[in-house]
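# Tertiary structure, described
Residue strings, one per chain:
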Protein chains: 2
Amino acid sequence: MKLSKVTLVDVANHVGVSSMTVSKVLRGRGSISEKTQKKIRDAVQELGYVPNKLAGSLSSRTSNLVGVVLPSLSDVIFGEMVSGMNSVLRPRGLTTFVGESLYDPNVEVEAISTILSLQPAAFIIYGGLERLEQSRSLLRNWGCPVIEIWDIKGQGVDCSVGPSHCEAGQKIAEHFLARGFQRPAYVGAELNKDILAGRRLSGFVEVMHGAGIEVKQVHDDALPRQAASGRELTKRLIEDAPDCDAIFYLNDAMAMGGLSWLHAQGFEVPDRIAAAGFNGTSLAQSVRTHLTTIDVDRFGVGQTASNCVLSLMDDKPVEPVITVPTNLVLGNTT
Amino acid sequence: MKLSKVTLVDVANHVGVSSMTVSKVLRGRGSISEKTQKKIRDAVQELGYVPNKLAGSLSSRTSNLVGVVLPSLSDVIFGEMVSGMNSVLRPRGLTTFVGESLYDPNVEVEAISTILSLQPAAFIIYGGLERLEQSRSLLRNWGCPVIEIWDIKGQGVDCSVGPSHCEAGQKIAEHFLARGFQRPAYVGAELNKDILAGRRLSGFVEVMHGAGIEVKQVHDDALPRQAASGRELTKRLIEDAPDCDAIFYLNDAMAMGGLSWLHAQGFEVPDRIAAAGFNGTSLAQSVRTHLTTIDVDRFGVGQTASNCVLSLMDDKPVEPVITVPTNLVLGNTT
DNA sequence: TTGAAAGCGCTAACAG
DNA sequence: CTGTTAGCGCTTTCAA
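As named in an unreviewed UniProt entry, chain A is LacI family DNA-binding transcriptional regulator, taken from Hoeflea prorocentri.

### Remarks on the overall build of chain A
Counting its regular elements, chain A contains twelve helices and twelve strands. Against the globule reference of 20 Å for 334 residues, chain A gives a C-alpha radius of gyration of 25 Å, more extended than a compact globule. Classification of the 334 residues of chain A by burial places 55% in the buried group. Partitioning the intrachain contacts of chain A with sequence separation of at least 6 by distance along the chain shows that 70% fall at a separation of at least 24. For chain A, the exposed surface amounts to about 13,600 Å²; the carbon and sulfur share of it is 48%. Positive and negative charge centroids in chain A, built from 32 and 36 side chains respectively, lie 10 Å apart.

### Considerations on the UniProt feature "domain: HTH lacI-type" (unreviewed entry) in chain A
Summarizing the sequence annotation, UniProt attributes the feature "domain: HTH lacI-type" (unreviewed entry) to residues 6-60 of chain A in the numbering used throughout. The span residues 6-60 of chain A carries 71% helix and 0% strand; its end-to-end C-alpha distance comes to 20 Å.

### Considerations on the pattern of salt bridges
All names here are of chain B. One pass over the full model with this rule turns up 40 salt bridges over all chains. Arg298 is paired through a salt bridge with Glu80; the nearest N and O atoms lie 2.4 Å apart. Taken as a pair, Arg298 in helix α12 (residues 298-313) and Glu80 in helix α5 (residues 76-89) lie far apart in primary sequence, 218 residues in all. The exposure classification of Arg298 matches that of Glu80, with both residues buried.

### A word on the packing of helix α4 (residues 53-60) of chain A against helix α4 (residues 53-60) of chain B
Between α4(A) and α4(B), the least distance of the axes is 9 Å, while the angle of their chain directions is 130 degrees. On the basis of their axis angle, the class for α4(A) and α4(B) is oblique. When you trace α4(A) past α4(B), the crossing you get is left-handed. Counted together, Leu54(A), Ala55(A), Ser57(A) and Leu58(A) of α4(A) and Leu54(B), Ala55(B), Ser57(B) and Leu58(B) of α4(B) form the full contact between these two elements.

### Comments concerning the protein's contact with DNA strand D
As a structural note, the neighbourhood of DNA strand D is formed by 25 residues, with Leu8(A), Met20(A), Ser23(A), Tyr49(A) and Ser59(A) the closest of them. Each atom of DNA strand D within 4 Å of the protein belongs either to a base or to sugar and phosphate, the latter forming 64%. Separating a phosphate oxygen of DNA strand D from a backbone N or O atom of Asn52(A) is a distance of 3.3 Å. Ser59(B) is positioned such that a nitrogen or oxygen atom in its side chain is 2.9 Å from a base nitrogen of DNA strand D. Of all elements in the fold, only α2 (19-27) and α4 of chain A together with α2 (19-27) and α4 of chain B reach the threshold of two or more residues within the surface near DNA strand D. Considering every element that reaches the surface near DNA strand D, the biggest residue donor is α4(A), with four residues. Looking at the surface near DNA strand D, its residues break down into nine nonpolar, twelve polar and four charged.

### Structural notes on the protein's contact with DNA strand C
Contacts to DNA strand C come from 25 residues, most closely from Thr21(A), Lys24(A), Leu8(B), Ser23(B) and Tyr49(B). The sugar-phosphate portion of DNA strand C accounts for 66% of its atoms within 4 Å of the protein, the bases making up the rest. Lys24(A) is positioned with one of its side-chain polar atoms (N or O) 2.7 Å from a base oxygen of DNA strand C. Within the contact set of DNA strand C, a phosphate oxygen lies 2.8 Å away from a side-chain nitrogen or oxygen of Thr36(A). Contributing elements (two or more residues each) for the surface near DNA strand C: α2 and α4 of chain A together with α2 and α4 of chain B. The residue inventory of the surface near DNA strand C, partitioned by class, reads ten nonpolar, twelve polar and three charged.

### A word on the packing of helix α10 (residues 227-240) of chain A against helix α11 (residues 252-264) of chain A
Axis angle and axis distance: for two packed helices, these are the angle between their axes and the distance between the axes, and together they describe the pair. All names here are of chain A. Close contact between α10 and α11 brings their axes to 6 Å; oriented N to C, the two are set at 55 degrees. Compared by their axis directions, α10 and α11 come out oblique. Where α10 crosses over α11, the handedness of that crossing is right-handed. In this structure, α10 contributes Ala227, Ser229, Gly230, Arg231, Leu233, Thr234, Lys235 and Ile238 to the contact, and α11 contributes Ala253, Met254, Gly257, Gly258, Ser260, Trp261 and Leu262. The residue inventory of the contact of α10 with α11, partitioned by class, reads seven nonpolar, six polar and two charged.

### Here's the deal with the domain arrangement of chain A
All names here are of chain A. The domain boundaries assigned to chain A delineate domain 1 (8-57), domain 2 (63-163 + 298-324) and domain 3 (165-295). The C-alpha centroid of domain 3 is placed 29 Å from the C-alpha centroid of domain 2. Tallying the contact residues gives 14 residues for domain 2 and twelve residues for domain 3. Summed over both sides, the interface of domain 2 with domain 3 buries roughly 1,100 Å², with 50% coming from carbon and sulfur. Taken together, the connections running from domain 2 to domain 3 amount to three salt bridges. Put simply, Asp151 and Arg199 hold a salt bridge, and the shortest N to O gap is 2.4 Å.

### Some remarks on the pairing of strand β1 (residues 65-70) of chain A
Residue and element names in this part refer to chain A. Of all six residues that make up β1, six are buried, and the element is covered over most of its length. The alternating pattern of β1 places Leu65, Gly67 and Val69 and Val66, Val68 and Leu70 on opposite faces, both of which are buried. Tracing the backbone out of β1, into helix α5 (residues 76-89) and back to the parallel element strand β2 (residues 95-100) gives a crossover that is right-handed. Judged from the four bridges that link them, β1 and strand β3 (residues 122-126) form a sheet pairing that is parallel. Note that in β3 the partner of Val69 across the bridge is Ile125.

### A few points about the sheet that holds strand β1 (residues 65-70) of chain B
Residue and element names in this part refer to chain B. A sheet is described by the order of its strands in space; here six strands give the open sequence β2-β1-β3-β4-β5-β11, paired in parallel fashion. Only two strands of the sheet have a single neighbouring strand rather than two, namely β2 (95-100) and β11 (321-324). The mean angle between the axes of side-by-side strands here comes to 15 degrees, regardless of whether they run parallel or antiparallel. The sheet contact formed by strand β4 (residues 146-149) and strand β5 (residues 159-163) spans three bridges and is parallel. Among the inter-strand pairings, Glu148 is bridged to a residue of β5, identified as Ser160. Each of β1, β2, β3 (122-126) and β4 is contacted by α5, which is oriented at about 160 degrees to β2, the strand it contacts most. Running at roughly 165 degrees to β4, α12 makes contact with β1, β3, β4, β5 and β11 of the sheet.

### Things to note about the relation of the copies chain A and chain B
The operation relating chain A to chain B is a screw motion whose rotation component is 180 degrees, with 0.0 Å of axial translation and a residual RMSD of 0.1 Å. Seen this way, the second copy is the image of the first under a two-fold rotation axis. A shared binding surface is used by both copies, with 100% of the interface residues of chain A retained as interface residues in chain B.

### Description of the interface of chain A and chain B
At the junction of the two partners, chain A supplies 60 residues and chain B supplies 60 residues. Run the count over chain A and chain B and you get zero salt bridges. Inspection of the chain A/chain B interface yields ten residue pairs in polar contact (both at pLDDT 80 or more). Mapped by element, the contributors of at least two residues to the side of chain A that touches chain B are α4, α5, β2, α6 (105-116), α7 (133-142) and α11 of chain A. Considered class by class, the residues forming the side of chain A that touches chain B number 28 nonpolar, 24 polar and eight charged.

### Some words on the pairing of β5(B)
Residues and elements named next belong to chain B. β5 sits mainly inside the fold: five of its five residues count as buried. Burial along β5 is two-sided: the face carrying Cys159, Val161 and Pro163 and the face carrying Ser160 and Gly162 are both buried. The sheet contact formed by β5 and β11 spans four bridges and is parallel. What sits directly across from Pro163, in β11, is Val324.

The rules behind each value
Residues numbered from 1 in each chain as written. Chains lettered and ligands numbered in written order. Predicted model: local features only at pLDDT ≥ 70, side-chain atom pairs only at ≥ 80, totals over all residues. Heavy atoms only, no water. Helix = DSSP H or I, 4+ residues; strand = E, 2+ residues; numbered from the N terminus. Rg over C-alpha atoms; globule rule 2.2 N^0.38 Å. Buried < 20%, exposed > 50% of the residue type's maximum accessible area, 1.4 Å probe, protein only. Contact = heavy atoms within 4.5 Å. Areas by Shrake-Rupley, 256 points an atom, 1.4 Å probe, with all protein chains shown as cover. Lys, Arg positive; Asp, Glu negative; His and termini not counted. Charge placed at Lys NZ, Arg CZ, Asp CG, Glu CD. UniProt positions renumbered as here; feature names shortened; annotations may be inferred. Salt bridge = Lys/Arg side-chain N within 4 Å of Asp/Glu carboxyl O. Axes fitted to C-alpha atoms, helices over the stretch in contact; angles between N-to-C directions. Parallel < 35°, antiparallel > 145°, perpendicular 65-115°, else oblique. Left-handed = near helix turned anticlockwise from the far one by under 90°. Near = heavy atom within 4 Å. Polar contact = N/O pair within 3.5 Å; in protein donor to acceptor, adjacent residues only side chain to side chain. Nonpolar A, V, L, I, M, F, W, Y, C, P; charged D, E, K, R; others polar. Domains from an automatic or database assignment. Buried area = accessible area lost by both parts, 1.4 Å probe. Right-handed = clockwise from strand over helix to strand, strands pointing away. Pairing = 2+ DSSP bridges. Least-squares fit on C-alpha atoms with pLDDT ≥ 70 in both.

In structure tokens, the structure reads:
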């Protein structure tokens, strides 16, 4: 697409000053007389001048772009994080540039390269993906602040912001134990893609093992992490382990899917079988069902990560790991 | 944030060729010997060179950015649209740049300006917001293809892609009538911000009036368009019009909130009172409740809009209005 | 308070 | 097959 626009010089000619004067007025630098300023602003308005930031950033070697790479915007939890980022970045004149990795490390490299070529001032990236060495080195060589979110085990980054996924799994396990459940199970999907779900599972299993209890696991990497999969996998679970009495699901969506199957089969929840999820999305609150889940402030994660960006850009130090709380939300499914 | 990087000239010097040769190899232009190509690729790898697209686009006067402005990424329907866009744009080497307007026309102007300053090749913008004249003229003067989504009444744009919101309201009204409901109501929020919800309401009311039936309306612009508001406003509605027998909600979230209140109060759904929503988000499917709603393929809207972008960039003509279907999904709430 | 010169990193257009 | 020249639109630096 060819472009052809009104430039700074056009504005300058229109007013009868040099382009430098216009540039200064528009950026609020130097001291320009009120009269000239007004003439320039009027001309900008009249000509419909829009500054060309490609040229501006190239020349000044500065940037107000913050690159962001997340798995998918179709999952609301990531959209909420971006909204959180925008809420702190925009007032400071910074803009997020979001790329989707689709949980694919190769796509992630592409997304990182694309964003880097736009010269971002900082980078916020999802941590729950096994990153390729190529991605790592791109980021490392680039040299801008890199904040990892949603995971807190990140290496080679300036700062990690997120919940302890292990702790989330532990909390559910402890809750199950306190409720007296004896035959717990785990239902998940695509664990090969999302290492954080795996960490929640580990925390869950660890606590159960500590109590001398085995965890029945059902997962199918070929299924998406959605309600329909929760339904299907719950069916498989019950066929395989009919005496199971409590299920920890990968996320809220799968839990709700599982619950709908259990209900259709006439299982009493939570008396015959209990269920818990992860994420505290609005999905967890439905008409009669209030899913027991672990809630994490996703908007807040975006805000915190962005505040780290601001600090690092000002050369202020930040905590290398910022753990945000995991909140056990008690519903009526356990 | 100051930047300082490996440039094309650095790569050229390292190999012992001119920067033009490197430029050509990297863009696959011209004919360069295999041997030189290999040396250059190796050097790029070794030095960790990342092209500077600010400089590239400035020089070539081309862009592969598609600007996108939507109300909020915290609402999954908009994230789904962006995912749809990326799915068709990325394979064609185009990248979306997303800004949030927060349903505020003034914020929208900001977002548009910010994106325009990055010289996008095309623009996709949410149509359900009363746009300021300033936004209009920015877009008009810019001259790139502008596609409006989610609304189909757009003016001054090249193409509009979305459902007929009026039809959505009509379909629910017709469905209510077919079911024999006589005292319908509408529950909404923030209608001052979202003119499309208003259009659904109009379609609904129009059909009801055609049947000689009045619609009881409850809306509060101060409340957010969420489940909790659905609960609160349903309470107000029932206090005010206890004999109401069917409610059309602004969206699925509010409908589910309303249903949870109705259930808590012991109302039989749908025998005593029915409910329908709009959007067909996963929210509509819960454990026992399957909300009657209007489903629209949001991912598909993003894809279609992006295909229009591609056509317009190739100077191919596009339909000025592309209406995507509204699908009545029958649940167990009507 | 204003402006001239130089250059950011890249590519179009042409030469060789 | 490879290189030279001349900018893209802006900002930095320094001079007036």
